[in-house]
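A structural walkthrough
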Amino acid sequence: MSVAQSKERGNPAARGVEEDILVPLLARLATIRTVLDNAPAPSRRRLPVHVRDAEEDARVEARALLEKVQGEMSYLQRVFRRIDEAENSILYGFDPVEEQIDDALQQAQVGLDVEQVHEALLAVDADIEVIKASIREVYRFPCDGDERRGPPPPSTAPATGVVMTRRMGEIRRGPQMRHLGLAIGGFEARLRGCVLTLAAFPECAVIKKRLLIHWWLGEGFVRSAAEGKSRFDELIAKGLIVPIPGHLCATVHRCTVRPWMRDLLTGVAKRTAFLDLDSGNDFTLARRACLNAGRMSSGFSAEARAIYNIDQKYLELDDAWFAGKKELRALQLGQWREFGPLEQIANPMDSHIELSGVEHLADMESCKNLRYISFRGISRIESLPDSIGRLRELTVLDLRACHNLEELGQGITRLDRLGYLDLSECHLLVGMPKGIGRLTRLEVLKGFVVANPSRREPCHLNELTKLNKLRKLGIVIGTMAVPTDDEFMKLGEFRALESLKIRWGVLASDSKGKIEASSHQKPIDKMKFALPPNLKKLDLRCFPLTDFAQWVTPKGVKKLYIRGGKLMTLGDEQGWEAEVLRLRFLNDLEYDHDRLKRSFRKLKPENTEIHACPKFIRGQ
């Protein structure tokens with residue numbers, strides 16, 4: 001019997017734990033709740049007071065107990081669903097094995113191509129290793145040829161384990177997948193929209209949480225970033241996405257989708273016309289256009305709600321791109337993948353997207369309902385058209401790594417619904433337009449450039465003190481920056497700010513190692529700083545001073561990151577409250593483990609990273 005035939009052998013008993021037992025029991029509990037809710041209250045006239053009170057107490061206790069039992073039963077239902085997914089994941093791992101073995105068999109029987117047979121068997125061997133890794137993860141017992149070393153140790157509960165494995169092993173793909181597909185189709189509309197956006201991304205892709213939330217915000221699947229984070233956590237709890245843990249951070253910022261789950265979501269997305277993934281880049285009828293590699297047509301549907309660049313490296317705008325797109329909500333033309341510094345150096349073109357016809361960006365003004373725009377990593381955009389100010393619904397604007405961007409223009413200051421603005425790695429920007437302080441809904445502003453002398457009427461940090469919702473701020477202090485006398489002291493007035501990142505321009509040092517500012521700039525050691533009172537995370541890049549005592553001590557900060565610069569010592573002060581510390585590329589840091597332990601008493605080894613700091617003396 002083939003793997004495919006085995007999957008099609010439906011067995012109702014195998015699906016019984018959830019469908020035949022838990023679901024009916026939950027239905028009966030719901031009936032009991034309805035009966036209790038609708039039961040008439042005891043008559044006030046016919047019964048004594050103590051009898052009426054006793055009956056009411058019993059009713060309250062019964063409802064409380066019923067709620068507890070329903071909660072426990074629902075928990076068991078989620079447990080069995082997770083077991084289903086684990087078993088199915090192992091089962092589907094045999095699909096590529098079967099395919100590769102068939103290829104090897106065909107080559108052996110027909111072509112007698114030993115080299116291709118060998119390649120196919122190598123692929124089989126690799127796929128089997130994946131299956132074995134899944135088994136280790138799910139069942140927590142080894143499977144590396146143990147039959148040659150004797151049987152595994154007996155389970156502490158052999159009967160339960162054997163029965164569970166037998167029951168779950170009988171589940172087959174067809175009925176289970178149809179059931180799950182129907183469940184997703186029955187989700188509330190906004191939740192279903194969040195789930196089906198996952199089908200747009202390639203198999204095994206690592207997807208940023210922020211990226212998903214921005215798409216969901218653009219289309220109105222969530223109403224705020226906070227709701228988007230809750231929705232993301234809900235998808236993890238439902239087993240629809242797999243969280244990818246971060247380094248030194250308990251918060252999940254990335255996820256992936258299991259291949260079999262992506263297949264299911266793709267089928268639902270096609271069947272419901274949510275996404276057209278087989279259009280061959282012809283989007284004349286698609287409500288959501290996913291741009292893939294190859295020749296592309298600009299004939300988008302007038303009903304298109306999202307244009308999302310998945311794998312298109314070259315974009316050519318023309319008159320048809322934005323004309324009549326009144327329903328367009330999300331425009332992601334930029335790069336969605338993450339590329340680390342080493343990846344960018346090794347393959348700079350991978351993260352780069354080239355755009356021609358930039359003059360047609362002015363036509364976006366006809367897309368009045370646009371809420372999300374990303375031009376991340378796109379070249380040739382030197383300035384934003386003033387007409388962007390007419391997009392009054394715009395909530396997210398991502399311009400990160402637009403390396404040719406020199407000027408934002410005044411149009412951006414009219415985007416009074418903007419909540420997220422990313423200008424990081426826009427190295428040619430020389431300042432911000434005056435009026436940014438009018439964007440009172442801003443919660444995240446990355447890449448604020450302290451003005452240099454070439455700007456007239458520059459925007460300074462004191463203008464941002466009006467932004468009462470600002471949670472996250474990134475500041476760039478270039479070599480030509482000319483701050484006002486109290487500009488950085490104003491940071492102390494940012495009461496809502498929780499995360500602050502400051503990047504200094506690379507400055508030259510004299511023969512004695514003293515850091516020199518440019519002729520326009522105030523000396524570094526004369527710049528006075530204050531920190532926001534509720535700051536939780538501080539990220540410093542290219543820190544220009546040698547002694548942290550010359551700066552402001554961030555004792556209340558919980559996460560402290562320092563990357564690059566001239567820092568030689570953190571000082572001997574005690575009482576730092578940092579619980580996460582990351583020190584990277586500090587060539588001059590003369591510090592040791594004992595001093596670090598005395599200063600950072602709340603720090604744990606697993607939350608500490610000292611990387612590329614050659615003079616740091618580690619403990620024994």
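Structure: above.
Read on for an overview of the structure. Everything numeric in this text was worked out from a predicted model, so none of it was measured.

**Quick word on the overall build of the protein chain**
From N to C terminus, the protein chain includes 13 helices and 18 strands. Counting only residues that meet the buried cut, the protein chain has 43% of its 620 residues in that class. Across the protein chain, the fraction of contacts at a sequence separation of at least 24, relative to all contacts at a separation of at least 6, is 60%.

**Observations concerning the sheet that holds strand 3 (residues 249-256)**
Sheet strands associate in pairs through backbone hydrogen bonding, adopting either a parallel or an antiparallel arrangement. Reading across from one edge, 1-3-2 is the order of the three strands in this open sheet, with antiparallel pairing throughout. Two strands lie at the open edges of the sheet, namely strand 1 (207-208) and strand 2 (242-246), each paired on one side alone. With two bridges connecting them, strand 1 and strand 3 associate as antiparallel partners. Looking across to strand 3, one finds that lysine 208 is bridged to arginine 254.

**A short note on empty space enclosed by the protein**
One pass over the full model with this rule turns up three cavities of 30 Å³ or more. Lining the second largest cavity we find Leu198, Phe201, Pro202, Glu203, Cys204, Ala205, Ile207, Thr256, Val257 and Arg262. Looking at side-chain class alone, the lining of the second largest cavity contains seven nonpolar, one polar and two charged residues.

**What to know about the environment of leucine 442**
Position of leucine 442 among the secondary structure elements: in the loop between strand 11 (420-422) and strand 12 (444-449). Judged by its relative accessible area of 0%, leucine 442 falls in the buried class. Sequence separation of leucine 442 and leucine 415 is 27 residues, and the distance between their C-alpha atoms is 10.0 Å. Beyond its immediate sequence surroundings of up to four residues, leucine 442 is in contact with Leu418, Gly419, Tyr420, Leu421, Leu467, Lys469 and Leu470.

**Section: the nonpolar core**
Phe375, Leu397, Leu473 and Trp551 are the most contacted members of the largest nonpolar core, which totals 93 residues. Element by element, the count of residues in this core is highest for strand 13 (residues 472-477), at four residues. By size, the runner-up hydrophobic cluster in this structure holds 44 residues, among which are Phe187, Leu196, Ala205 and Leu264.

**Examining the packing of aromatic side chains**
Counted according to the given criterion, the structure contains 17 aromatic pairs. Aromatic side chains phenylalanine 548 and tryptophan 551 sit 5.8 Å apart centroid to centroid with 85° between the ring planes, which places their arrangement in the edge-to-face category. Side by side, phenylalanine 548 and tryptophan 551 carry an identical accessibility label, which is buried. Aromatic ring contacts, followed pair by pair, group Phe488, Trp504, Phe529, Phe543, Phe548, Trp551, Trp576 and Phe600 into a single cluster. The ring of phenylalanine 274 carries arginine 288 above its face, with NZ or CZ at 3.9 Å from the centroid. The residue whose ring lies beneath arginine 582 is tyrosine 561, and the NZ or CZ to ring-centre distance is 4.5 Å.

**With respect to helix 10 (residues 225-237)**
Here helix 10 contains 13 residues, and its C-alpha end-to-end distance of 19 Å stays within 8% of the 18 Å for a straight helix at 1.5 Å per residue. Taken as a whole, helix 10 has its buried residues at Gly228, Arg231, Phe232 and Leu235. Down the axis of helix 10, the smallest arc covering the buried residues is 105°, so these residues share one side. Among the exposed residues of helix 10, those pointing more than 90 degrees away from its buried face are Ala226 and Ala237. Contact partners of the buried residues in helix 10: helix 8 (189-196), helix 9 (209-219) and strand 3.

**Focus: the pattern of salt bridges**
If you walk through the whole model with that rule in mind, you get 29 salt bridges. Note that aspartate 398 and arginine 376 form a salt bridge whose closest N and O atoms lie 3.1 Å from each other. Placement of the pair is aspartate 398 in strand 10 (residues 396-398) and arginine 376 in the loop between strand 9 (372-374) and strand 10, with a sequence separation of 22 residues. The same class applies to aspartate 398 as to arginine 376, namely buried. In this structure, the salt-bridge partner of aspartate 416 is arginine 392, at a minimum N-O distance of 2.9 Å. Here arginine 392 lies in the loop between strand 9 and strand 10 and aspartate 416 lies in the loop between strand 10 and strand 11, a separation of 24 residues in the sequence. Residue class for arginine 392 comes out partly exposed when judged on its relative accessible area of 39%.

**A closer look at the packing of helix 9 against helix 10**
Following both chains from N to C, one finds helix 9 and helix 10 inclined at 120°, their axes separated by 9 Å at the closest point. The orientation of helix 9 relative to helix 10 falls into the category oblique. Once helix 9 is placed against helix 10, the crossing between them reads as right-handed. Residue-level contacts link Lys209, Leu212, Ile213, Trp216 and Leu217 of helix 9 to Ala225, Gly228, Lys229, Arg231, Phe232 and Leu235 of helix 10. Of the residues contributing to the contact of helix 9 with helix 10, the split by class is seven nonpolar, one polar and three charged.

**What to know about the state of the cysteines**
The tally for this structure, following the rule as stated, stands at zero disulfides. Cysteine cysteine 402 is unpaired, with the sulfur of cysteine 426 as its nearest cysteine sulfur at 5.3 Å.

**Re the side chain of aspartate 539**
Examined against the element boundaries, aspartate 539 turns out to sit in strand 15 (residues 537-543). Ignoring sequence-local partners within four residues, the contact set of aspartate 539 consists of Leu500, Lys501, Ile502 and Tyr561.

**Section: unusual backbone geometry**
Positive phi is not limited to glycine here, since arginine 380 has a value of about 75°. Assignment of secondary structure puts arginine 380 in the loop between strand 9 and strand 10.

**Details of the packing of helix 8 against helix 10**
Here helix 8 crosses helix 10 at 70°, and the two axes come no closer than 11 Å. With respect to their mutual orientation, helix 8 and helix 10 come out roughly perpendicular. Contacts between helix 8 and helix 10 involve Arg190, Leu191, Cys194 and Val195 from the first element and Glu227, Arg231, Glu234 and Leu235 from the second. The residue inventory of the contact of helix 8 with helix 10, partitioned by class, reads four nonpolar, no polar and four charged.

**So, the side chain of lysine 209**
Its place among the elements puts lysine 209 in helix 9. Buried and unpaired, lysine 209 has aspartate 233 as its nearest opposite-charge partner, separated by 5.3 Å. At 3.0 Å, the side chain of lysine 209 forms a polar contact with the backbone oxygen of valine 252. If we ignore the near neighbours within four places in the chain, the residues touching lysine 209 are Phe232, Thr251, Val252, His253 and Arg254.

**So, the pairing of strand 3**
The sheet contact formed by strand 2 and strand 3 spans four bridges and is antiparallel. The partner of isoleucine 244 across the bridge, within strand 3, is arginine 254. Counted along the chain from strand 2 to the antiparallel partner strand 3, the turn is two residues long, and its residue leucine 248 has a positive phi close to 60°.

**Digging into the pairing of strand 16 (residues 559-565)**
Across six bridges, strand 15 lies against strand 16 in parallel orientation. Paired with aspartate 539 across the strands is tyrosine 561, a residue of strand 16. Looking at chain direction, strand 16 and strand 17 (residues 580-584) are connected through five bridges and run parallel. When the bridges of strand 17 are listed, isoleucine 562 appears paired with leucine 583.

The rules behind these values
- Residues numbered from 1 in each chain as written.
- Predicted model: local features only at pLDDT ≥ 70, side-chain atom pairs only at ≥ 80, totals over all residues.
- Heavy atoms only, no water.
- Helix = DSSP H or I, 4+ residues; strand = E, 2+ residues; numbered from the N terminus.
- Buried < 20%, exposed > 50% of the residue type's maximum accessible area, 1.4 Å probe, protein only.
- Contact = heavy atoms within 4.5 Å.
- Pairing = 2+ DSSP bridges.
- 1 Å grid on protein atoms, 1.4 Å probe; cavity = no way out; pocket = protein on both sides within 12 Å on 5 of 7 lines; lining within 4 Å.
- Points joined across faces, edges and corners; volume = space filled by probe spheres on them.
- Nonpolar A, V, L, I, M, F, W, Y, C, P; charged D, E, K, R; others polar.
- Core = buried A, V, L, I, M, F, W, Y, C linked by side-chain atoms within 4.5 Å.
- Phe/Tyr/Trp six-rings, centres within 6.5 Å; stacked < 30°, edge-to-face > 60°.
- Lys NZ or Arg CZ within 6 Å of the ring centre and 35° of its normal.
- Expected span 1.5 Å × (residues − 1).
- Arc of directions from axis to C-beta.
- Salt bridge = Lys/Arg side-chain N within 4 Å of Asp/Glu carboxyl O.
- Axes fitted to C-alpha atoms, helices over the stretch in contact; angles between N-to-C directions.
- Parallel < 35°, antiparallel > 145°, perpendicular 65-115°, else oblique.
- Left-handed = near helix turned anticlockwise from the far one by under 90°.
- Disulfide = S-S within 2.5 Å.
- Lys, Arg positive; Asp, Glu negative; His and termini not counted.
- Polar contact = N/O pair within 3.5 Å; in protein donor to acceptor, adjacent residues only side chain to side chain.

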